[in-house]
Structure formats: C-alpha cells, structure tokens
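Structural characterization, general
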Amino acid sequence: MANAEFSEKQYTPQQQKLAALETKLPAPLANRATALALSVVLMAAAFVGFGGAKVRTRYNTAKQWFTVGVAADNGYSLSEELTIRANTAANVITTAGNTLEADNAQLLAAKDALETFDEELESVSAGKDRMHALCQANAALGSAIDQLYAKLQETAENPLKMGAVQGQYGQFNSAGSIIANLSYNTAVYEYQKDVGGFPASLLGALSGVKEVEAFV
C-alpha cells in the first residue's frame, strides 16, 4: 500500500489522467500509448531545453554589446563613447558658464539637454529599454552643444583659437563620429533576424529572453 501511494505521488495531474486512460486500453495498445507519450514528452523537453539554452546564450552575448562593444568595432563601445559625449559636453557647458550670462538661451538649452541625456544614459546602463530615447537625447545634446559653441565663438577674440574648450568640443564631435560608424546596430539587426522567427522566438519567450534594442 505504501509503495502504491509513493508511486502515485510521483505523477503530475496530467500524467495521472493519461495513466487512467491507459488502464482502459488493451494491454498492447496501452504499452504503445505509454511509450509514445513518453517519447513525445522527452523530445519536447530536449528541444526546449537545448534550443532555449542556445537562444539565451546568444541573448547574453547580444545584451553586452552596449557596454563591451561588438567584435568588429575593435574595442570601441557605444556606452564608452556616449560617456565621453556626456563628459566633454559638461566641460563645454562649464566654460560657457564662466563666459556667458547665466540666463543665456544657448547655455540653458545645453544644460537641459545634458540633464536629459544623462538620465537616459543612466536608464539604459541600468538595463531599461530606453535605447530609442537615448538616441534622441544624444541628437538633441549634439545640436545644443553645437549652438552653445557657436555662441562662444561669437564672444571669443579668435574663434579659431579658443583654448581648452576647443579641444573638448573636438572630443565631443569625435565621439559622435565614432558612434555613427559603430557596428552595433548591424549586429543587433542580425541578432533580431536570427531570433525573431519560429522556433527561436518561441524558445526565447519560454527562456525569458528579452529584446535587444538598436540605437536608433
């Protein structure tokens, strides 16, 4: 009696229903049905387990591209270049704050743009799905810093020789050029294509894989 109770506890509710149906079949058919059901379950488990692990491995690699970069970019990463943009923009704004009036329109606009940019960069770095918003904030910051630097040139004795701020502005634009030529988006689009179809999309959903966003 104890053995029967122990054995019954090993079955899931679905397995118990199958067992009850099998007892009503002739012995040869019951054995065949059991073997078929077991083989289907084992095949499905192997498919989901192996396939899901493969998709998750690809996801774990892809989600790191933002911080570590794509292999084709030779050490450059989107995160690092965006951080350079933030730091050099802050330096240009600091210089402008020592030169222009506190209520200068270009100075205020640049400060607002940098604040928004910093918030979006922090969000993406924390794993939030804000890549599109970060891309927009980066574009807005670029426009604001361009206008602020132009205003600084208006007040400079020699617009072509503006000291340290000229170097900071150059680094800001250099980081922007690097970002525009990164392979990040190409790699993301290829990844999305590979995991977006069946059965990869199903395996990804079952494995808890999330979307990897392009920087657009």
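Residues numbered from 1 in each chain as written. Predicted model: local features only at pLDDT ≥ 70, side-chain atom pairs only at ≥ 80, totals over all residues. Heavy atoms only, no water.

1. A look at the packing of helix 7 (residues 131-155) against helix 8 (residues 164-180)
The condition is simple: Inter-axis angles, ranging from 0 to 180 degrees, are taken between N-to-C directions of lines fitted to C-alpha atoms, where helices are fitted over the stretch in contact. Elements are defined by DSSP. Helices are runs of H or I of four residues or more, strands are runs of E of two residues or more, and each kind is numbered from the N terminus. Note that the term roughly parallel is reserved for angles under 35 degrees, roughly antiparallel for angles over 145, roughly perpendicular for angles of 65 to 115, and oblique for everything else. Crossing chirality is assigned from the near helix's rotation relative to the far helix, an anticlockwise turn below a right angle marking it left-handed and a clockwise turn marking it right-handed. Any two residues whose heavy atoms approach within 4.5 Å are treated as being in contact.
The contact between helix 7 and helix 8 brings their axes to 11 Å, and the two run at 155°. In this view, helix 7 runs roughly antiparallel relative to helix 8, as classed from their interaxial angle. Along this stretch, helix 7 crosses helix 8, giving a crossing that reads as left-handed. Contact residues: Leu141, Gly142, Ile145, Asp146, Tyr149 and Leu152 in helix 7; Val165, Gln166, Tyr169, Phe172 and Asn173 in helix 8.

2. Structural notes on the environment of Ala105
Locating Ala105 in the fold gives a position in helix 6 (residues 105-125). Along the primary structure Ala105 and Leu148 are separated by 43 residues, whereas in three dimensions their C-alpha atoms are 8.8 Å apart.

3. As for a negative patch on the surface
Worth spelling out the cut-off: Patch members must show over 30% relative accessible area and no salt bridge, and they are joined within 9 Å when carrying like charges or within 5 Å when they are nonpolar side chains of Val, Leu, Ile, Met, Phe, Trp or Tyr. Here the Shrake-Rupley method, with its probe set to 1.4 Å, supplies the accessible areas, and only the displayed protein chains count as covering residues. We count a salt bridge whenever a side-chain nitrogen from Lys or Arg sits within 4 Å of a carboxyl oxygen from Asp or Glu. Residues counted as positive are Lys and Arg, residues counted as negative are Asp and Glu, and His and the chain ends are not counted. Note that the charge is assigned to NZ on lysines, CZ on arginines, CG on aspartates and CD on glutamates. Only protein chains enter the accessibility calculation, which uses a 1.4 Å probe; a residue whose area is less than 20% of its type maximum is buried, one above 50% is exposed, and one in between is partly exposed.
On the surface, a cluster of negative charge is contributed by Asp112, Glu115, Asp118, Glu119 and Glu122. Checked against the element boundaries, Asp112 lands in helix 6. Residue Asp112 is classed as partly exposed on the basis of its relative accessible area, which comes to 48%.

4. Some remarks on helix 6
Residues lying three or four places apart along an α-helix face the same way, a consequence of the helix completing one turn every 3.6 residues. The condition that has to hold: Given the number of residues in a helix, its expected span is that number minus one, multiplied by 1.5 Å. In the analysis that follows, any N or O atom pair within 3.5 Å is treated as a polar contact, provided that within protein one partner can donate a hydrogen and the other can accept it, and provided that, for residues neighboring in sequence, both atoms belong to side chains.
Helix length check: helix 6, at 21 residues, gives a terminal C-alpha distance of 30 Å against a target of 30 Å (1.5 Å per residue), a fit within 8%. Burial in helix 6 covers these residues: Leu107, Ala110, Ala113, Leu114, Phe117, Glu120, Leu121, Ser123 and Val124. Looking at the buried positions of helix 6, the neighbouring elements they touch are helix 4 (65-68), helix 5 (78-99) and helix 7. Two or three places before Gln106, at the opening of helix 6, Asn104 has a side-chain oxygen 3.0 Å from that residue's backbone nitrogen.

5. Observations concerning the confidence of the model for the protein chain
Inclusion rule: On a scale of 0 to 100, pLDDT captures the predictor's confidence in every residue.
Here the protein chain shows a mean pLDDT of 81. Residues at 70 or above account for 68%. When pLDDT is averaged over each element of the protein chain, helix 6 comes out on top at 98 and helix 10 (residues 200-206) at the bottom at 43. Segment residues 1-8 is flagged for pLDDT under 50; beyond a separation of four residues in sequence, or across chains, it makes one contact in the model.

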